[in-house]
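The residues making up each chain are set out below.
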Amino acid sequence: PISFGPEKDVGLSFARTSFRIDSIPSGDYVLLVSQLLNDPSLVVVSSTPSGFVVNIFATSDYPSDGIESVSVEGASLDFIELSTDGHYLITLFSTGLKVSSLTADGITAFMQDASLDKNIADAEGLHLSIWPALEYEMMYKDAWRMLRDYFYDPSMAGLEWDRIFDRYLPLVERCSKREELDDVLRQMAGELSALHVFVYGGEYNIPNHGDPMLEAINEIASLGALLRRSTEKFGYEVIKIPETDPDFHMVDGLPMYSPLSSRTLSMSGQDGLAPGDVIVGVNGESVMSVPDINMLLRNVAGESVRLEVVRFNSTSKLQEARKLKARLLESKGEDATESVFALPEPLIVVPLDSE
């Protein structure tokens, strides 16, 4: 990301930043990575006969538009990317996977590390996380585009191909596994009534391959409730906490209840949640910092997990104490609104094995 200044900026930061980018000396640049978080300097990757090189173009303070170039030499760059939150620079050299803060101090330390052996991440057991829903949507778009670009009939058999895309996209969003995506692709391709268009192949094998480590890493624990992501409430709203089914949810002869229900939490002296309550954090991390709350519930089945919850429809001992404090403040003529409403409180739960 590169900041060009706020909207209607009278300080002309947009013009200064644009001029600085234009003032970078010519070169075989392949990637403009990012601007530093607390400094206008830019991280750029260039291509050289010996491989890819990380370049830092340091800019002087306003009103100067001077550019100073510093490069990381002596090691082959295999990969460079920003972290999901945009706060760290991740680079892969022959010396290992290096993680650096995307700040002036962090990049300065990065450039001064001549041997590239500091801040090396432990890559042992490192695995790639895939979000199938997004992957399926990308595969659907690619399949639709390939048919559009390479089908023998430019008129697409007289079909309005853009409408065909819109027709089947909602079905892709409902696919839960690769076999279902193949069914949608066959229906889309079948609109062309062409005998030489086929859908076959793909990754259908079990992703964990029977590896206990992979199974542990990818196992997602369950809170036993229907949740909905709410940007308005900055968390996941509880939609439904179902009652147990005595015929199917028994463990050692005992019924299993949702970890969020009062039936479960009363044994630890806590109060359960109710529909309308909101989960805003898991183990100290905001649920809005990841694409899905399930990413924070990996490999925690049977372990204590600290949730941060906002009780809109349920009550707790802490909430009652806050209400008492509010009444005392009100009796003294002080504003007590913030003492009661929309304040998160901790809730210790033990998620279930999703199976």
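Rules used throughout
Residues numbered from 1 in each chain as written. Predicted model: local features only at pLDDT ≥ 70, side-chain atom pairs only at ≥ 80, totals over all residues. Heavy atoms only, no water. Helix = DSSP H or I, 4+ residues; strand = E, 2+ residues; numbered from the N terminus. Buried < 20%, exposed > 50% of the residue type's maximum accessible area, 1.4 Å probe, protein only. Contact = heavy atoms within 4.5 Å. Areas by Shrake-Rupley, 256 points an atom, 1.4 Å probe, with all protein chains shown as cover. Pairing = 2+ DSSP bridges. Axes fitted to C-alpha atoms, helices over the stretch in contact; angles between N-to-C directions. Core = buried A, V, L, I, M, F, W, Y, C linked by side-chain atoms within 4.5 Å. Expected span 1.5 Å × (residues − 1). Arc of directions from axis to C-beta. Salt bridge = Lys/Arg side-chain N within 4 Å of Asp/Glu carboxyl O.

Turning our attention to the overall build of the protein chain. Across its full length, the protein chain holds eight helices and 17 strands. Counting across all 355 residues of the protein chain, residues that qualify as buried make up 32%. For the protein chain, the proportion of contacts with a sequence separation of at least 24, taken over those separated by at least 6, is 53%. Carbon and sulfur atoms make up 55% of the accessible area of the protein chain, which totals about 22000 Å².

Relative to the helices and strands, Ala-58 resides in strand β3 (residues 51-59). Relative accessible area serves as the criterion here: at 27%, Ala-58 is assigned to the partly exposed category. Between the C-alpha atoms of Ala-58 and Val-70, which are twelve residues apart in sequence, the distance is 7.8 Å.

It is worth spelling out the sheet that holds strand β7 (residues 96-101) at this point. Spatial strand order, β5-β6-β7: three strands in an open sheet with antiparallel pairing. A strand with exactly one partner marks an edge of an open sheet, and here the two such strands are β5 (77-82) and β7. Direction aside, neighbouring strands of the sheet carry axes that sit 15° apart on average. As defined by bridge partners, strand β6 (residues 88-93) adjoins β7 across six bridges and the pair is classed as antiparallel. Within β7, the residue paired with Ile-90 across the bridge is Val-99. Helix-sheet contacts for helix α2 (residues 104-112) involve β6 and β7, and the interaxial angle to β7 is about 145°.

A few words now on the nonpolar core. A general feature of soluble globular proteins is that nonpolar side chains tend to end up buried together. Leu-260, Leu-273, Ile-279, Val-282, Leu-307 and Val-349 are the most contacted members of the largest nonpolar core, which has 21 residues in total. Those elements that provide at least two residues to this core are β10 (235-240), β13 (278-282), β15 (305-310) and β16 (345-349). Look past the residues within four positions of Leu-260 in its chain and what remains in contact with it is Leu-223, Ala-225, Ile-241, Leu-265, Gly-272, Leu-273, Ile-279, Leu-307 and Val-349.

Attention now moves to helix α3 (residues 132-150). For α3, spanning 19 residues, the distance from its first C-alpha to its last is 26 Å, which sits close to the expected 27 Å at 1.5 Å a residue. Of the positions making up α3, those classed as buried are Tyr-136, Tyr-140, Trp-144 and Leu-147. Buried residues of α3, viewed axially, fall in a sector of 70°; they line one side. Those residues of α3 that are exposed and angled more than 90 degrees off the buried face are Met-146 and Tyr-150. On its buried face, α3 sits against α4 (161-173) and α5 (178-190).

It is worth spelling out the pattern of salt bridges at this point. Overall, the coordinates contain 14 salt bridges when judged by the stated rule. Lys-118 is paired through a salt bridge with Asp-113; the nearest N and O atoms lie 3.9 Å apart. Of the charged contacts, one joins Glu-345 and Arg-311 as a salt bridge, the two residues approaching to 2.9 Å between their closest N and O atoms. Taken together, the residues Glu-345 in strand β16 and Arg-311 in the loop between β15 and α8 (317-331) connect sequence positions 34 residues apart. Neither Glu-345 nor Arg-311 differs from the other in exposure class; each is buried. Three or more residues are tied together by salt bridges with common partners; here these are Lys-98, Asp-113 and Lys-118.

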